[in-house]
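# Results of the structural survey
Okay, here's what each chain looks like letter by letter:
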Amino acid sequence: AHGLFTSSGFLLLFPLRYKFHTAMDFFHNLLVTALTPITLISGVGLMLLCMTNRYNHTTDRIRQLIKLREDGGLKNEPDLDREIRLIFRRASNLRRSMLCLTLSTVCAGLLVATNVCSEFTGQSFVTLSAFWLICSLILIVSSTAFFCLEVSLSLHALSMAVTHLPRPMRPASQTSASSTKEQAK
């Protein structure tokens with residue numbers, strides 16, 4: 001073989017192809033090990049956005065109710081105080097849920113870092129990667145449980161508000177018909 005050519009005249013590309021495939025395999029493995037946790041982080045980010053909006057709404061509602069109580073002279077209104085405490089519990093559950101999701105994101109980020117280090121160093125960090133993944137999943141499940149509690153409390157707060165609404169007045173046609181029936185008896 002003379003230089004880059006074999007005795008038959010073909011270019012010696014095998015070593016170059018081998019290096020190219022090795023680099024592509026390396027990149028493929030790196031991408032595969034990083035893609036799942038990165039997708040997990042994106043999904044968690046969307047859930048965090050939803051929970052942040054709900055948290056902001058609950059804190060605004062608590063401020064409104066406290067202002068109503070102070071400005072309206074409703075210092076000893078037990079229903080209003082009960083609603084404020086209930087919404088505060090909702091906000092506490094949301095805060096816990098958001099904390100769990102944030103810690104889950106940290107664990108997923110550490111999982112990505114562990115996998116990338118494993119690929120670059122050639123050492124196996126499977127146990128550490130599994131630990132970060134399990135921690136991340138446990139935190140997501142915990143966050144979901146807190147979020148379910150918050151939704152349940154939200155429905156309870158809504159039912160409290162609906163039960164204290166004034167009864168709707170009947171239209172005049174129904175009122176006159178019922179008074180006519182009462183007069184006939």
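Structure report, in brief. (Residues numbered from 1 in each chain as written. Predicted model: local features only at pLDDT ≥ 70, side-chain atom pairs only at ≥ 80, totals over all residues. Heavy atoms only, no water.)

## Brief notes about the nonpolar core
Counting residues in each nonpolar core, the largest one holds six residues, listed as Val-44, Met-51, Leu-94, Met-98, Leu-101 and Ile-140. For this core, the secondary-structure elements that each account for two or more residues are helix 1 (14-71) and helix 2 (78-121). By residue number, the principal contributor to this core is helix 2, which donates three residues. Residues in contact with Leu-94, not counting those within four places in the same chain, are Met-51, Arg-54, Tyr-55, Thr-58, Phe-147 and Glu-150. (Core = buried A, V, L, I, M, F, W, Y, C linked by side-chain atoms within 4.5 Å. Buried < 20%, exposed > 50% of the residue type's maximum accessible area, 1.4 Å probe, protein only. Helix = DSSP H or I, 4+ residues; strand = E, 2+ residues; numbered from the N terminus. Contact = heavy atoms within 4.5 Å.)

## Here's the deal with the environment of Ser-136
Tracing the backbone shows Ser-136 in helix 3 (residues 126-163). Taking relative accessible area as the criterion, Ser-136 reaches 1% and is therefore assigned buried. Along the backbone, Ser-136 and Cys-100 are 36 residues apart, and their C-alpha atoms lie at a distance of 8.9 Å. Residues within four places of Ser-136 in sequence aside, it is in contact with Leu-40, Ser-104, Cys-107 and Ala-108. In this structure the side chain of Ser-136 is engaged in a polar contact, spanning 3.0 Å, whose partner is the side chain of Ser-104. (Polar contact = N/O pair within 3.5 Å; in protein donor to acceptor, adjacent residues only side chain to side chain.)

## Considering the side chain of Arg-90
In this structure, Arg-90 sits in helix 2. If we skip the residues at most four places from it in the chain, Arg-90 touches Arg-54, Thr-58, Glu-150, Leu-153 and Ser-154.

## Details of the pattern of salt bridges
Any two side chains of opposite charge can pair if their charged atoms end up close together. Scanning the model with the defined rule gives seven salt bridges in all. The partner of Asp-81 in a salt bridge is Arg-69, and the shortest N-O contact between them spans 2.7 Å. Here Asp-81, found in helix 2, pairs with Arg-69, found in helix 1; they are 12 residues apart in sequence, far enough to count as distant. Asp-81 sits in the buried class, given a relative accessible area of 18%. With relative accessibility at 24%, the residue Arg-69 sits in the partly exposed group. For Arg-82, the salt bridge goes to Asp-79, with nearest N and O atoms at 2.2 Å. (Salt bridge = Lys/Arg side-chain N within 4 Å of Asp/Glu carboxyl O.)

Interpretation in functional terms is not warranted from these geometric data alone.
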